[in-house]
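# Summary of structural features
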Amino acid sequence: MRVAHLAAPDDFDGWRHAARALAMERVPADRVIWQVAGHADDLFADGGNEPPVPAAPDAAFRVPRAFVDLARDVVLHSDRQRFAMLYAMLVRLIDQPRLIDDRADPLRRKLDEMAKAVRRDIHKMRAFLRFREVTDDGGERFVAWFEPDHHIVRANAAFFVNRFNTMGWSILTPEVSLHWDGGTLCEGPGATAADAPDGDPVEAVWKTYYASIFNPARLKVGAMLREMPRKYWKNMPETALVGELIAGARARETAMIETARASTGGNIDAAWAALKQEAAGCTRCSLHRMATQTVFGEGPLDARLMFVGEQPGDQEDQAGRPFVGPAGQLFDRALADAGIDRSTAYVTNAVKHFKFEPRGKRRIHAKPDAGEIEACRWWIEQERMLLTPRLTVALGATAARSLIGRTVTISRERGRVFSLPDGSDGFVTVHPSFLLRIEDGERAATEYRRFVEDLSAIKTFVAR
Ligand code: URA
């Protein structure tokens, strides 16, 4: 028997290192004990005598990206056998990488269900956690008690820092407590319900929550924190840096938040209108200097389906509406062929200003770069947060990069529903402009058919 030691119940990195090392030695799944520090009963098998698993060598084998994403979620599940099940899957994937797409495989299906349960729990914590105000020696503070079903608290920390970063708060849960003082996130031991105050949630906190939706700085900080390895969270220098960023941004944005707060009053139509108005004055990157106007998303705010394109083209820039030019017309035709009524979907772009190079009187489309996509990501995140679509569809590589946060190969990722970083469902397909650029008639027809097939799959998924 081999023993793999994990630092915490949500220790994904620990699991990954150990699993990689074990798999490279071809250790069978039933010869490994997964032991979580401080959780003696997290053993899934009886103890063994062999030495612990050594650190993984750097030169590791490759597994499908989708498995890594799946494992990241499954590790947070409360099932004690999660590490063992994931390792069993990993061992099989080495010889059969296509297994990742086999939804009929019982283990693959089980892992999928576990990942979904984790994502639901993450969402539940975001939606249902309520802060209560307390006053102690340190002044005013907000405390919330929450009992998650799974080990999701740390995975959700960045979200709460994002949303409530101007106030001091503590989130108490049975397993761990999180404490934010407006600049530093610390972790403490688990608590009990008795440690949290009784009483009604504080209205002012929810106003702050709402206003925070309009603060561009927060999302950036959140993203930073998400990408920062967990071991650094408790580490003063790094988290102090986060605090400084917030402090710097706060002064600049106070006025904007106040305007948003006053104008919206918690109503989604008003919030969307305020967001669109803010975006109209966006100067987050230099593209606003050349473009005619910001082209914001459009469509019903209760749409189950959100399409995200690259950026407005020449005609969109003038009309102030997304997908009305040649690519938009092809998109409309393909939607109709797939049986999707465009008026039921919300359509927007990853980048909201037209980027072009002037050539005589013509304006030639230029691809937005990573910095421009990143700068504009704030708007698309706000649109998604307000609308909470059932499925967000990236049309092409720019949209995929914006939604997923990294470069993706469309041909590899297209055609299947997968989890976006926030746990919601996403789908990637080609951009309609790609179809317009194909010169060979036969190939163009084939690719158009494939695009319609993707749209049909999307339709089926959101109809479920
Ligand atoms: N291409 C896009 O990506 N979006 C538009 O709105 C128009 C063309």
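Just so you know, these numbers come straight off a predicted model, no measurement behind them.

The secondary structure content of the protein amounts to 16 helices and 14 strands. Counting only residues that meet the buried cut, the protein has 50% of its 464 residues in that class. In the protein, 71% of the contacts between residues at least 6 apart in sequence involve partners at least 24 apart. About 21800 Å² of surface is accessible on the protein, with carbon and sulfur atoms providing 50% of the total.

Okay, the packing of helix α1 (residues 12–24) against helix α2 (residues 65–74) next. For the pair α1 and α2, interaxial distance at closest approach is 10 Å and the crossing angle is 130°. For the element pair α1 / α2, the angle class is oblique. Viewed along their axes, α1 and α2 form a crossing whose handedness is right-handed. Where α1 abuts α2, its residues Phe12, Trp15 and Arg16 lie against Phe67, Val68, Ala71 and Arg72. In terms of residue class, the contact of α1 with α2 is made up of five nonpolar, no polar and two charged.

With that settled, consider the pairing of strand β5 (residues 169–172). Side chains on a regular strand alternate between the two faces of the sheet. The alternating pattern of β5 places Trp169 and Ile171 on one face and Ser170 and Leu172 on the opposite face, and all of these are buried. Relative to β5, strand β4 (residues 139–145) is paired through four bridges, and the arrangement is parallel. When the bridges of β5 are listed, Val143 appears paired with Ser170. Where β5 meets strand β6 (residues 176–180), four bridges bridge the pair, whose relative direction is antiparallel. Bridging from a neighbouring strand, Trp169 pairs with Trp180 of β6. A loop of three residues connects β5 with β6, the two strands running antiparallel in sequence.

Next up on the list: the site of the ligand. Taken together, Gly309, Glu310, Gln311, Pro312, Gly313, Glu316, Pro322, Phe323, Asn349 and His431 make up all the residues around the ligand. Glu310 is positioned such that a nitrogen or oxygen atom in its backbone is 2.7 Å from an oxygen atom of the ligand. For the ligand, whose accessible area on its own is 230 Å², the fraction buried by protein is 95%. Among the residues forming the shell around the ligand, the class breakdown is three nonpolar, five polar and two charged.

The subject of this paragraph is the sheet that holds strand β8 (residues 305–309). On the basis of which strands lie adjacent, the open sheet formed by five strands has the order β9-β8-β12-β14-β13 and mixed pairing. Sheet topology places β9 (346–349) and β13 (417–419) at the edges, where each strand pairs with a single neighbour. Neighbour-to-neighbour, the strand axes of this sheet turn through a mean angle of 30°, independent of strand direction. Summarising the sheet, β13 and strand β14 (residues 425–429) pair through three bridges and their orientation is antiparallel. Looking at β14, one finds that Ser419 is bridged to Asp425.

So, about the environment of Val74. By the element assignment, Val74 lies in helix α2. Take Val74: its relative accessible area is 0%, and that puts it in the buried class. For the pair Val74 and Phe12, spaced 62 residues apart in sequence, the C-alpha to C-alpha distance is 9.2 Å. With residues up to four places along the chain from it excluded, the contact list for Val74 reads Arg82, Leu86, Leu111, Met114 and Ala115.

Next up on the list: unusual backbone geometry. In this structure, Arg26 is a non-glycine residue whose phi angle is positive, near 60°. With respect to the element layout, Arg26 can be found in the loop between α1 and β2 (32–36). With phi around 40°, Thr388 is a residue other than glycine that occupies positive phi space.

Turning our eyes to something else, we now look at the pairing of β14. The element β14 is largely enclosed, with a buried count of five among its five residues. Here β14 shows no split at all, with Asp425, Phe427 and Thr429 on one side and Gly426 and Val428 on the other all buried. Across five bridges, the pairing between strand β12 (residues 391–395) and β14 is parallel. Bridge pairing in β14 places Leu395 opposite Thr429. Adjacent in sequence and paired antiparallel, β13 and β14 are bridged by five residues, among which Gly423 carries a positive phi angle near 90°.

Per-chain confidence: the protein averages 82 in pLDDT, with 79% of residues scoring 70 or above. Low confidence marks residues 41–49, where pLDDT is under 50. Its contacts with residues over four positions away, or in another chain, come to 20 contacts. Contacts for the low-pLDDT stretch residues 203–266, under 50 throughout, to residues beyond four places or in other chains number 107 contacts.

Taken as a whole and judged by the stated rule, the model has zero disulfides. No disulfide involves Cys282; its sulfur sits 5.9 Å from the nearest other cysteine sulfur, which is in Cys376. Assessed through its relative accessible area of 8%, Cys376 is described here as buried.

Thresholds, definitions, all that
- Residues numbered from 1 in each chain as written.
- Predicted model: local features only at pLDDT ≥ 70, side-chain atom pairs only at ≥ 80, totals over all residues.
- Heavy atoms only, no water.
- Helix = DSSP H or I, 4+ residues; strand = E, 2+ residues; numbered from the N terminus.
- Buried < 20%, exposed > 50% of the residue type's maximum accessible area, 1.4 Å probe, protein only.
- Contact = heavy atoms within 4.5 Å.
- Areas by Shrake-Rupley, 256 points an atom, 1.4 Å probe, with all protein chains shown as cover.
- Axes fitted to C-alpha atoms, helices over the stretch in contact; angles between N-to-C directions.
- Parallel < 35°, antiparallel > 145°, perpendicular 65-115°, else oblique.
- Left-handed = near helix turned anticlockwise from the far one by under 90°.
- Nonpolar A, V, L, I, M, F, W, Y, C, P; charged D, E, K, R; others polar.
- Pairing = 2+ DSSP bridges.
- Near = heavy atom within 4 Å.
- Polar contact = N/O pair within 3.5 Å; in protein donor to acceptor, adjacent residues only side chain to side chain.
- pLDDT = per-residue confidence, 0-100.
- Disulfide = S-S within 2.5 Å.

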